[in-house]
Amino acid sequence: VRLIVDPSEFQAACAELRAAGHRLGLVPTMGALHEGHLSLVRGARQHAERVAVSIFVNPTQFGPNEDLARYPRTLERDLEKCRERGVDLVFAPEVVHMYAKGESTRVSVGSLGETLCGASRPNHFDGVCTVVTKLFQLAGPCTAVFGRKDYQQWKIVERMTADLFIPVTVRSMPIVREADGLALSSRNVRLLPGARAAALGLVRGLARAQGAFIEGMRDGARLRELALLEIEGAGLEVDYVSLVDPDALTALPDALPERVLLAAAAFAGDVRLIDNVVLGEDPRLPETP
Ligand code: AMP
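Residues numbered from 1 in each chain as written. Predicted model: local features only at pLDDT ≥ 70, side-chain atom pairs only at ≥ 80, totals over all residues. Heavy atoms only, no water.

Asker: Give a detailed account of a nonpolar patch on the surface, specifying residues and quantitative values.
Answerer: Together, Leu3, Val5 and Leu75 line one region of the surface with nonpolar side chains, adding up to about 210 Å² of accessible area. Among the structural elements, Leu3 can be located in strand β1 (residues 2-4). (Patch = residues over 30% accessible without salt bridge, like charges linked within 9 Å, V, L, I, M, F, W, Y side chains within 5 Å. Areas by Shrake-Rupley, 256 points an atom, 1.4 Å probe, with all protein chains shown as cover. Salt bridge = Lys/Arg side-chain N within 4 Å of Asp/Glu carboxyl O. Helix = DSSP H or I, 4+ residues; strand = E, 2+ residues; numbered from the N terminus.)

Encoded structure:
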């Protein structure tokens, strides 16, 4: 695995791979790699002979009171995992490389970035799309793979590449979970034992609503209430629980259609957790203890 920190060197390395006739897969991450990230590497492999992983904790997607300073950073271990999985390039720039002195340009996402996570994290998705655009410009034509754990992010990036004619194919992979159902997240290492147990309330809430949906319930308000009961009952502080159109991310009538995104965010202590399930599409969530 080749570690690159300089953007122009990464751009040249990607161009070189393509010139040699290889398709390139790109997996953008913030590091502290886990099996969720590594599933994206496997997904990239299915569409590309060469895979690049970027590791960059992007400051512009964090709000002033968020966990930028506390975000876990484990570059040595990340490199080892990339090496084991046969990743070809790891791009791990410093902040000054990605945001050079005098920089001022931002991508503005618009309405797709104002619902769900965007409602409580203003400008978050502008920051995401700004850094993802930079990464796409450096990588050049490729298949970029995103996790559906960050469902809204995936949809927004997909929209952005279409809107801005960026020659990148965006693909997504399903959420990877712990055996007990908790969605893997780099932030999980910051959960204290009590909060780790409470965190399960999130997937339990989604599973409860999914079960009811499978049994035929199409009343949006009642499904939401079922999820909320579990999540709040576990002692989590709810940010949102929403039922929206899985593509437009817009509100749905109370009599739900046959395909619905149920997405939720909640705090376990000071750790913000997100999870989601597409009702009418995703397989049944695991039974949680
Ligand atoms: P992050 O490092 O948290 O910014 O995530 C980088 C990429 O990995 C994003 O596309 C995430 O959606 C994806 N990802 C993170 N956790 C998971 C998970 N548990 N399952 C699948 N993909 C994930």
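Moving on from the model shown.
Asker: Please provide a residue-by-residue account of unusual backbone geometry, values included.
Answerer: The backbone phi angle of Leu116 is positive, close to 45°, even though this residue is not glycine. One can find Leu116 in the loop between α4 (95-98) and α5 (117-120). According to the relative accessible area criterion, Leu116 is buried, its value standing at 8%. The backbone of Asn123 sits at a positive phi, close to 70°, despite the residue not being glycine. Residue position: Asn123 is located in the loop between α5 and α6 (124-139). (Buried < 20%, exposed > 50% of the residue type's maximum accessible area, 1.4 Å probe, protein only.)

Asker: Describe in detail the sheet that holds strand β7 (residues 237-244), supporting the description with residues and values.
Answerer: The strand order β7-β8-β9 describes an open sheet built from three strands, whose pairing is antiparallel. Two strands lie at the open edges of the sheet, namely β7 and β9 (271-279), each paired on one side alone. The average angle at which neighbouring strand axes cross in this sheet is 10°, direction not considered. Pairing of β7 with strand β8 (residues 260-268), which is carried by seven bridges, proceeds in the antiparallel orientation. Among the inter-strand pairings, Val238 is bridged to a residue of β8, identified as Ala266. Each of β8 and β9 touches helix α8 (residues 193-214); the most contacted strand, β9, lies at about 15° to it. (Pairing = 2+ DSSP bridges. Axes fitted to C-alpha atoms, helices over the stretch in contact; angles between N-to-C directions. Contact = heavy atoms within 4.5 Å.)

Asker: How would you explain the sheet that holds β1 if you had to name every residue and give the values?
Answerer: Ordered in space as β1-β4-β3-β2-β5-β6, the six strands form an open sheet in which the pairing is parallel. Each edge of the open sheet carries a strand with a single partner, namely β1 and β6 (168-173). Neighbour-to-neighbour, the strand axes of the sheet open up by a mean angle of 25°, direction not taken into account. Across three bridges, the pairing between strand β3 (residues 50-55) and strand β4 (residues 89-91) is parallel. Bridge pairing in β4 places Val53 opposite Val90. Across the face of the sheet, helix α3 (residues 75-84) comes into contact with β1, β3 and β4 while running at roughly 170° to β3. Contacts from α6 reach β2 (24-29), β3, β4, β5 (142-147) and β6, with the element oriented near 155° to β2.

Asker: How would you sum up the pattern of salt bridges? Please name residues and give values.
Answerer: Within the structure shown, the criterion is met by 22 salt bridges. When the shortest N-O distance is used, the salt bridge between Arg190 and Asp67 registers 3.0 Å. Pair noted here: Arg190 is in the loop between β6 and α8 and Asp67 is in the loop between β3 and α3, with a separation of 123 residues, a long-range link. Side by side, Arg190 and Asp67 carry an identical accessibility label, which is buried. Arg106 is the salt-bridge partner of Glu103, the closest N and O atoms lying 2.8 Å from each other. On the accessibility criterion, Glu103 (31% relative accessible area) is partly exposed. The network of salt bridges with shared partners includes Asp67, Arg70, Arg187, Arg190 and Asp270.

Asker: Residues and numbers for the pairing of β9, please.
Answerer: Counting buried positions along β9 gives nine out of nine residues, so the element sits mostly inside the fold. Side-chain alternation along β9 places Val271, Leu273, Asp275, Val277 and Leu279 on one buried face and Arg272, Ile274, Asn276 and Val278 on a second face that is also buried. Two strands pair when backbone bridges link them, and β8 and β9 are joined in this way by nine bridges, in the antiparallel orientation. Residue pairing in the sheet places Leu262 in a bridge with Val277 of β9. Here β8 folds back onto β9, and the loop between the two strands holds two residues, one of which, Gly269, carries a positive phi near 65°.

Asker: Residue-level account of the site of the ligand, with values.
Answerer: Around the ligand sit 17 residues in total, of which His37, Gly147, Asp150, Val176 and Leu184 are the nearest. A distance of 2.9 Å is found between an oxygen atom of the ligand and a backbone nitrogen or oxygen belonging to Met30. Contact distances for the ligand include 2.8 Å between an oxygen atom and a backbone N or O atom of Gly147. Elements supplying a minimum of two residues to the shell around the ligand: β2, α2 (35-45) and β5. The element contributing the most residues to the shell around the ligand is α2, with three residues. (Near = heavy atom within 4 Å. Polar contact = N/O pair within 3.5 Å; in protein donor to acceptor, adjacent residues only side chain to side chain.)

Asker: Give a detailed account of the packing of aromatic side chains, specifying residues and quantitative values.
Answerer: Between two aromatic rings, the relevant description is the distance of the centres plus the angle of the planes. Going through the model one piece at a time under the given rule, you end up with five aromatic pairs. Taken together, a centroid distance of 4.3 Å and an interplanar angle of 0° make the contact between Phe10 and Phe91 stacked. Taken together, the residues span a long stretch of sequence, with Phe10 in helix α1 (residues 7-19) and Phe91 in strand β4 at a distance of 81 residues. Owing to a relative accessible area of 0%, Phe10 belongs among the buried residues under this scheme. Looking at Arg148, its charged tip hangs above the ring of Trp154, at a distance of 6.0 Å from the centre. Between Lys155 and the ring centre of Trp154, over which it is positioned, the NZ or CZ distance is 4.2 Å. (Phe/Tyr/Trp six-rings, centres within 6.5 Å; stacked < 30°, edge-to-face > 60°. Lys NZ or Arg CZ within 6 Å of the ring centre and 35° of its normal.)

Keep in mind these numbers describe shape, not what the thing actually does.
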